[in-house]
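# Understanding the architecture of this molecule
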Amino acid sequence: MSRHRTAEPAPPPGAGTAPDLPDAAPPDLYGRQRGDRYLRFLSRFSSLYLPVVTRPGRPRQAPPRTAPPELLVAERRTVAEDVVSLRLTAPDGAALPRWQPGAHIDLLLPSGRRRQYSLCGDPADRSAYRIAVRRIPGGGGGSAEVHETLRTGSRITVAGPRNAFPFAAEPAVLLIAGGIGITPVLPMAREAARSGLDWRLVHCGRTRSSLPFGEELRALADRHPGRVEIRTDDTDGVPDAAALLGRAAAGAAVYCCGPAPMLDAVRAAFGASGAAALHFERFTAAPVTGGRPFELALRRSGTVLSVPADRTALDVLRDRDPATAYSCRQGFCGVCTVRVTAGTVEHRDGRLTEREKAAGLMRVCVSRAPEGERLELDL
Ligand code: FES
């Protein structure tokens, strides 16, 4: 999938007013606190500015404009094996809302599925958004639907942009992308080059033909000799995470987006590297860790489902009803949120506010329950 972003992702329902804002930088996709100076600045700015503009008695400011509800597929291109890129424009040609490297948009597909895709064009180009979608065989059906239904001239409902993978533009950065993980990373590379940072980009994949945007990367490499490396398993062998991280300058920040094995390997090797910070984005759900079996009782039907230790509540709900809504499967988008009417939830999303938790909300893609607990869901 896709997904990324320098603005904080949209707050959950009910949040977003000054009293709910944290003093610290917003957590990343996994609820970890981040140390980016830029995010600290944003958070500080929000805590000082929003109380002024939202205080009682003052007329409410119009909310910032978000993407138009419907965009036009102005161009569809095949950019690698099983990968299409879509260029999306406003039907009336209006300028689109600004975005920063790492940002993503949500596509609301005709079937009702909602899927997130990283913006991979040029943030300076307000006339269009560009996304790229790899068809995932046996996936949840979102990528197949994009491939099969969106053609040049189609219209598609869009939400966003939002950013959950912000690029803080540290002085030295190493960008690591695996396959379609190049989508959030490509605008970061351009931004790094434009800002005169000390940057390097490594794009890894199975074969050259499986890697999207090869031409653009080669052009970038020509303009910035020694900074762009494309390596493929068939000619260079499977990359070694420690060796990849060895390309980072001392004290550099590392941004990584790719398949789960690559991310896991980079995370495991990061501690022994000389890099100072690691930012990453998954485009598949993280494996369940530390899970215990529990049960779901569906209040309206009386059905009881068992959730094994190594699966999520969302997985089990989707087994029963494949139309169960989800998007990020990482706890941040909120699409899978359900109301729990009985039982104790082990919240793992890091995004719901205390008020929302007290109201019984649960993000079933990541959150669980203590061993043996039965959660009654309002389903
Ligand atoms: S699917 Fe996004 S929060 Fe669960």
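Going by the structure above, here's the rest.
Residues numbered from 1 in each chain as written. Predicted model: local features only at pLDDT ≥ 70, side-chain atom pairs only at ≥ 80, totals over all residues.

Per the secondary structure count, the chain includes 9 helices and 16 strands. The 379 residues of the chain split such that 40% are buried. (Helix = DSSP H or I, 4+ residues; strand = E, 2+ residues; numbered from the N terminus. Buried ≥ 20, exposed ≤ 12 C-beta atoms within 10 Å, placed from the backbone.)

Here we come to the pairing of strand E16 (residues 374–377). Alternating positions in E16 separate cleanly, Leu375 and Leu377 being buried on one face and Arg374 and Glu376 remaining unburied on the opposite face. Bridge analysis of strand E14 (residues 337–342) against E16 gives 2 bridges, and the strand direction is antiparallel. Within E16, the residue paired with valine 340 across the bridge is leucine 377. (Pairing = 2+ DSSP bridges.)

What follows covers the sheet that holds strand E3 (residues 103–108). In sheet architecture, strand pairing relies on hydrogen bonds along the backbone and comes in two forms, parallel and antiparallel. Judged by pairing direction, the sheet is antiparallel, and its 6 strands sit side by side in the order E4-E3-E6-E1-E2-E5 without closing on themselves. The two strands at the open ends of the sheet, each matched to only one other strand, are strand E4 (114–118) and strand E5 (129–134). Sheet twist, expressed as the average angle between the axes of neighbouring strands with direction ignored, equals 40°. Taken together, the 5 bridges between E3 and strand E6 (residues 155–163) define a ladder with antiparallel strand orientation. Note that in E6 the partner of leucine 107 across the bridge is valine 158. (Axes fitted to C-alpha atoms, helices over the stretch in contact; angles between N-to-C directions.)

Let us look at helix H7 (residues 260–270). Those residues of H7 not exposed but buried are Met262, Leu263, Ala265 and Val266. End-on, the buried residues of H7 take up no more than an arc of 165°, which puts them together on one face. With respect to the buried face of H7, the exposed residues turned more than 90 degrees away are Pro261 and Ala268. The secondary structure elements touched by the buried residues of H7 are strand E7 (172–178), helix H6 (241–245), strand E10 (253–258) and strand E11 (277–282). (Arc of directions from axis to C-beta. Contact = placed C-beta atoms within 7 Å.)

Our next topic: the environment of phenylalanine 213. Within the secondary structure, phenylalanine 213 is located in the loop between strand E8 (198–205) and helix H4 (214–223). Judged by the 22 C-beta atoms lying within 10 Å of it, phenylalanine 213 falls in the buried class. Those residues in contact with phenylalanine 213 that lie beyond four places of it in its chain are Val79, Ile182 and Leu186.

Formed by 63 residues in total, the largest nonpolar core has its most connected members in Leu175, Val185 and Val254. Leucine 175 has contacts with Val185, Met188, Ala189, Trp199, Arg200, Leu201 and Tyr255, leaving out every residue within four places of it along the chain. Among the nonpolar cores identified, the runner-up in size contains 20 residues, and Val307, Leu317, Cys336 and Cys365 belong to it. (Core = buried A, V, L, I, M, F, W, Y, C linked by C-beta atoms within 7 Å.)

This next bit is on helix H8 (residues 313–320). Count 3.6 residues to each turn of an α-helix, and residues three or four apart come out pointing the same way. Regarding H8, the residues found buried are Ala313, Leu314 and Leu317. Angularly, the buried residues of H8 cover 95° about the axis, an arc narrow enough to put them on a single face. Tucked inside the fold, the buried residues of H8 contact strand E12 (294–298) and strand E13 (304–307).

A few words on the pairing of E10. Counted residue by residue, E10 has 6 buried out of 6 residues, so it is predominantly covered. On E10, burial covers both faces: Ala253, Tyr255 and Cys257 on one face and Val254, Cys256 and Gly258 on the other are all buried. Bridge analysis of E7 against E10 gives 5 bridges, and the strand direction is parallel. In the strand pairing of E10, leucine 175 is matched with tyrosine 255. Sheet topology note: the E10/E11 ladder contains 6 bridges and is parallel.

Right, let's talk about the environment of glutamine 116 for a bit. Residue position: glutamine 116 is located in strand E4. Distance from glutamine 116 to histidine 104, taken between C-alpha atoms, is 6.3 Å for residues 12 residues apart in sequence.

It is worth spelling out the sheet that holds E10 at this point. The strand order E9-E8-E7-E10-E11 describes an open sheet built from 5 strands, whose pairing is parallel. Each edge of the open sheet is held by one strand with a lone partner, namely strand E9 (228–232) and E11. This sheet shows a mean twist of 15° between the axes of neighbouring strands, independent of strand direction. Sheet strands in contact with H4 are E8 and E9, and its direction is about 140° off that of E9. Docked against the sheet, H7 engages E7, E10 and E11, running at close to 165° with respect to E11.

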